Structures are given as C-alpha cells and as structure tokens.
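Analysis of the macromolecular model
What follows is each chain in one-letter form.
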Amino acid sequence: MLTGTQCEHIRACPLWRNVYPRNDCMFINTDLNAKGMQGLEVARVICFFSFKHDWEVYSCALIQWFNKIGDCADKDTGMWMDSSWHLAVIHIKTVYCAAHLIPVYGFEYIPHSLKFYHSYDSFRSFYVNKYADHHAFEIVS
C-alpha cells in the first residue's frame with residue numbers, strides 16, 4: 001500500500017512540447033485482492049477520452065498492454081519483465097499510478113539515430129523499474 005500524499009501526471013499527447021509524442025506508462029489494478037505486481041499490470045496510455053451513456057459520463061483510456069514475462073521478478077535484476085502489444089479500453093478508475101520501464105537492450109549496438117521517445121516502439125521487452133522512486137519500489141518489490 002502506498003503511503004503519503006502523491007500527485008502524478010500521466011500524459012498522452014501526440015506532440016509533447018511540439019517536438020515528439022509522449023505516451024506514459026502506468027500500473028493498472030487487475031486484482032484488488034493480490035499483493036504488488038501479482039495484482040497489477042503495466043500499460044502504456046495512447047489517449048484519454050470520455051463518453052456519455054444514459055446521462056452518465058465514463059472516463060476511459062485507450063491503452064497498450066504489456067504482458068508479464070513469467071510470474072516472478074527476474075532473478076538477476078530483481079525487476080519484473082514485460083513485453084508488449086495488444087490494445088484495450090479501460091476505465092480510468094483502474095489506474096493505480098505511473099510506471100517506468102527500462103528496455104531490455106540485448107547484445108546489439110543501439111543506433112545513434114534512436115531517440116528516447118522511440119524506445120517503447122523500438123524494443124520488444126522491458127524491465128519494470130522498481131528503482132524509479134520509493135513508491136515504485138513499494139509496489140514492485
């Protein structure tokens with residue numbers, strides 16, 4: 001359980017600062033009864049939107065799911081591993097907090113032309129960074 005007051009901005013915009021797209025990652029509650037990563041999944045937000053049905057407004061997000069690789073953290077790094085790619089629409093109330101992913105680089109050289117904002121589209125698997133901040137460490141450990 002997270003402690004203390006926290007305010008986060010999770011962004012999804014086609015031109016962040018009029019330069020490049022920004023689509024942040026986040027933890028999604030998928031099982032309220034499970035602890036830590038057992039009850040959470042990681043997703044990249046594509047866009048936020050809302051719609052009205054029978055006079056009720058539903059706030060949603062179009063997301064790109066990351067699938068867990070295995071059912072425990074990597075024994076060498078202590079971090080969970082994810083791979084990507086199917087889309088879904090979720091209710092915004094299932095979003096737990098922001099997440100940070102680190103690409104699994106492999107053995108090949110990374111081209112100098114690769115920009116940081118292409119990382120989610122250029123790599124196939126990622127580590128869930130439990131060292132991003134103390135909240136992430138509490139969640140993922």
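Scope of this entry: the structure provided in the associated data block. Computed from a predicted structure; not experimentally measured.

1. Let's talk about the overall build of the chain
For the chain, the count of helices and strands is two helices and nine strands. Listing the helices and strands of the chain from first to last along the sequence gives β-β-β-β-β-β-β-β-α-β-α. Its C-alpha atoms give the chain a radius of gyration of 16 Å, near enough to 14 Å, the size a compact globule of 141 residues would have. If one aligns the C-alpha atoms of the chain with their principal axes, the spans along those axes are about 55 × 40 × 30 Å. Across the 141 residues in the chain, those meeting the buried criterion constitute 32%. Of the contacts formed within the chain by residues at least 6 apart in sequence, a portion of 52% connects residues at least 24 apart.

2. Things to note about the nonpolar core
Core analysis: the largest hydrophobic core is formed by 16 residues, its most contacted members being Phe 27, Met 37, Val 42, Leu 101 and Val 128. Listing elements by their share of this core, those giving two or more residues are strand E3 (25-29), strand E4 (40-53), strand E7 (95-99), strand E9 (125-128) and helix H2 (134-140). Counting residues in hydrophobic clusters, the runner-up holds nine residues, among them Ile 28, Ala 43, Val 45 and Ile 63.

3. What to know about the pattern of salt bridges
Counted by the stated rule, this structure contains three salt bridges. Note that Asp 24 and Arg 22 form a salt bridge whose closest N and O atoms lie 2.9 Å from each other. Residue Asp 24 is classed as buried on the basis of its relative accessible area, which comes to 14%. The partly exposed category is assigned to Arg 22, whose relative accessible area is 25%.

4. Regarding the packing of aromatic side chains
Tallied over the full model, the rule gives nine aromatic pairs. Here Phe 51 and Tyr 58 contribute two aromatic rings whose centre-to-centre distance is 5.3 Å and whose plane-to-plane angle is 25°, an arrangement assigned as stacked. Considering the side-chain rings of Phe 116 and Tyr 117, the 5.2 Å spacing of their centres and the 80° angle between planes classify their relative orientation as edge-to-face. Residue Tyr 117 is classed as partly exposed on the basis of its relative accessible area of 24%. An aromatic cluster of three or more residues is present, and its members are Tyr 20, Phe 116 and Tyr 117. For the cation-ring pair, Lys 68 lies above Trp 80, with the distance from its terminal atom to the ring centre recorded as 5.2 Å.

What counts as what
Residues numbered from 1 in each chain as written. Predicted model: local features only at pLDDT ≥ 70, side-chain atom pairs only at ≥ 80, totals over all residues. Heavy atoms only, no water. Helix = DSSP H or I, 4+ residues; strand = E, 2+ residues; numbered from the N terminus. Rg over C-alpha atoms; globule rule 2.2 N^0.38 Å. Buried < 20%, exposed > 50% of the residue type's maximum accessible area, 1.4 Å probe, protein only. Contact = heavy atoms within 4.5 Å. Core = buried A, V, L, I, M, F, W, Y, C linked by side-chain atoms within 4.5 Å. Salt bridge = Lys/Arg side-chain N within 4 Å of Asp/Glu carboxyl O. Phe/Tyr/Trp six-rings, centres within 6.5 Å; stacked < 30°, edge-to-face > 60°. Lys NZ or Arg CZ within 6 Å of the ring centre and 35° of its normal.

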